[in-house]
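This is what each chain is made of:
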Amino acid sequence: MAESSADRLNALQQLIEQGKAVPMSASCMINRADALALVAAVRSALTDELDAARLAAEASPPVLERAKAEAEEVVRAAQQEAERLVEASEVLQAARQRADALRAETDAEAEALRKEADVYVDGRIAAMEAGLQKTLSQIQTMRARLASRSGLDADA
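Before going into details, it helps to say that this report is about the structure given with it.

Rules used in this analysis
Every chain's residues receive numbers from 1 upward, in the order its sequence appears when written. Selection of residues for local features in this predicted model requires a pLDDT of at least 70, selection of side-chain atom pairs for listing and counting requires 80 or more, and totals for whole chains, interfaces and linings are taken over all residues. Where side-chain values are given, they derive from all heavy atoms of the structure, hydrogens and water being excluded. Under the DSSP-based scheme used, a helix requires at least four consecutive residues in state H or I and a strand at least two consecutive residues in state E, with every element numbered from the N terminus. Note on method: radius of gyration uses C-alpha positions; expected globular size equals 2.2 Å times residues raised to 0.38. Burial status follows relative accessibility: with a 1.4 Å probe on protein chains alone, a residue under 20% of its type maximum counts as buried, one over 50% as exposed, and anything between as partly exposed. In this analysis, two residues are considered to be in contact whenever any of their non-hydrogen atoms come within 4.5 Å of each other. Using the Shrake-Rupley algorithm and a 1.4 Å probe, accessible areas are obtained, with residue cover drawn only from the displayed protein chains. Here Asp and Glu are counted as negative and Lys and Arg as positive; His is not counted, and neither are the chain ends. Positions of charges follow a simple convention, taking NZ of Lys, CZ of Arg, CG of Asp or CD of Glu. Patch membership is restricted to residues that have no salt bridge and whose relative accessible area is over 30%. Joining uses 9 Å for like charges and 5 Å for the nonpolar side chains Val, Leu, Ile, Met, Phe, Trp and Tyr. The salt bridge definition used is simple: a Lys or Arg side-chain nitrogen within 4 Å of an Asp or Glu carboxyl oxygen. In this scheme, a helix's expected span is set at 1.5 Å multiplied by one less than its residue total. Each axis is a line fitted through C-alpha atoms, and for a helix only the stretch in contact is used; angles between axes span 0 to 180 degrees, taken between their N-to-C directions. Orientation is classified from the angle alone, with under 35 degrees giving roughly parallel, over 145 giving roughly antiparallel, 65 to 115 giving roughly perpendicular, and any other angle giving oblique. Crossings are assigned a handedness: left-handed for a near helix turned anticlockwise from the far helix by less than a right angle, right-handed for a clockwise turn.

1. Notes on the overall build of the protein chain
Consideration 1: When helices and strands are counted, the protein chain shows five helices and two strands.
Consideration 2: For the protein chain, the N- to C-terminal ordering of α and β elements is α-β-β-α-α-α-α.
Consideration 3: Taking 156 residues into account, the globule formula puts the C-alpha radius of gyration at 15 Å, and the protein chain, at 49 Å, lies well above it.
Consideration 4: Looking at the protein chain as a whole, 6% of its 156 residues are labelled buried.
Consideration 5: Taking as baseline every contact in the protein chain between residues at least 6 positions apart, the subset at least 24 positions apart corresponds to 39%.
Consideration 6: Counting only carbon and sulfur atoms, one obtains 59% of the accessible surface of the protein chain, whose full area is about 13400 Å².
Consideration 7: Placing the 19 positive and 27 negative side-chain charges of the protein chain at their respective mean positions leaves the two points 8 Å apart.

2. Quick notes on a nonpolar patch on the surface
Consideration 1: Judged by side-chain polarity, Tyr120, Val121 and Ile125 come together as a nonpolar surface patch covering roughly 320 Å² of accessible area.
Consideration 2: With respect to the element layout, tyrosine 120 can be found in helix α4 (residues 90-150).

3. Here's the deal with α4
Consideration 1: With 61 residues, α4 extends 88 Å from end C-alpha to end C-alpha; this agrees with the ideal 90 Å at 1.5 Å per step.
Consideration 2: At the C-terminal side of α4, glycine 151 shows a positive phi close to 75 degrees.

4. With respect to the pattern of salt bridges
Side chains that carry opposite charge are capable of pairing whenever their charged atoms lie near each other.
Consideration 1: Inspection of every chain in the model, using the stated rule, returns five salt bridges.
Consideration 2: Note that glutamate 111 is salt-bridged to arginine 114, the shortest N-O span being 2.9 Å. In this pair, glutamate 111 and arginine 114 are both assigned in helix α4, three residues apart and thus about one turn of the helix distant.
Consideration 3: When its relative accessible area of 46% is taken as the criterion, arginine 114 is described as partly exposed.

5. A short note on unusual backbone geometry
Consideration 1: Not every positive phi belongs to a glycine, and methionine 24 is a case in point at roughly 65 degrees.
Consideration 2: Relative to the helices and strands, methionine 24 is located in the loop between β1 (20-21) and β2 (28-29).
Consideration 3: Judged by relative accessible area, which is 87%, methionine 24 ranks as exposed.

6. A few points about the packing of helix α1 (residues 5-17) against helix α2 (residues 32-59)
Consideration 1: The geometry of α1 relative to α2 is characterised by a closest axis approach of 8 Å and an angle of 160 degrees between their N-to-C directions. Between α1 and α2, the angle falls in the class roughly antiparallel. For the pair α1 and α2, the sense of crossing is left-handed. Across the interface between the two elements, Ser5, Arg8, Leu9, Ala11, Leu12 and Leu15 of α1 pack against Asp34, Ala35, Leu38, Val39, Ala41, Val42, Ala45, Leu46 and Glu49 of α2.

Shown next, in the form of structure tokens:
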């Protein structure tokens, strides 16, 4: 079985790790021929793997497009089925009935508040009208007295 580039890179790493340490430094001594052979093998394996991957990528767009279209169709069908199930559920029907009842209740409360506000405003307007009538009556009385005292009616 052919070794993969990962296997060859592991072998190169092991060669470096097992290299004889050079005293007083971070360097090590390894067999140059072995290291170069592993580097060449990794390069060759990577080239082959990249070529294979490139060929697979070039061949796969139609497959990917078809898979994507199928996935979109499955999602669309699932969404439609979910909507159908939600529409048919008893919970949704009960929620709609409750919403209708609450809407009717709030409409009735709003109408009652509107009527109560109209009664209040009508009472305030009636009180203002009575006050204005009283003031108008007083003004008419004062003008009549002024006219009789000053004789303003005689000039007319």
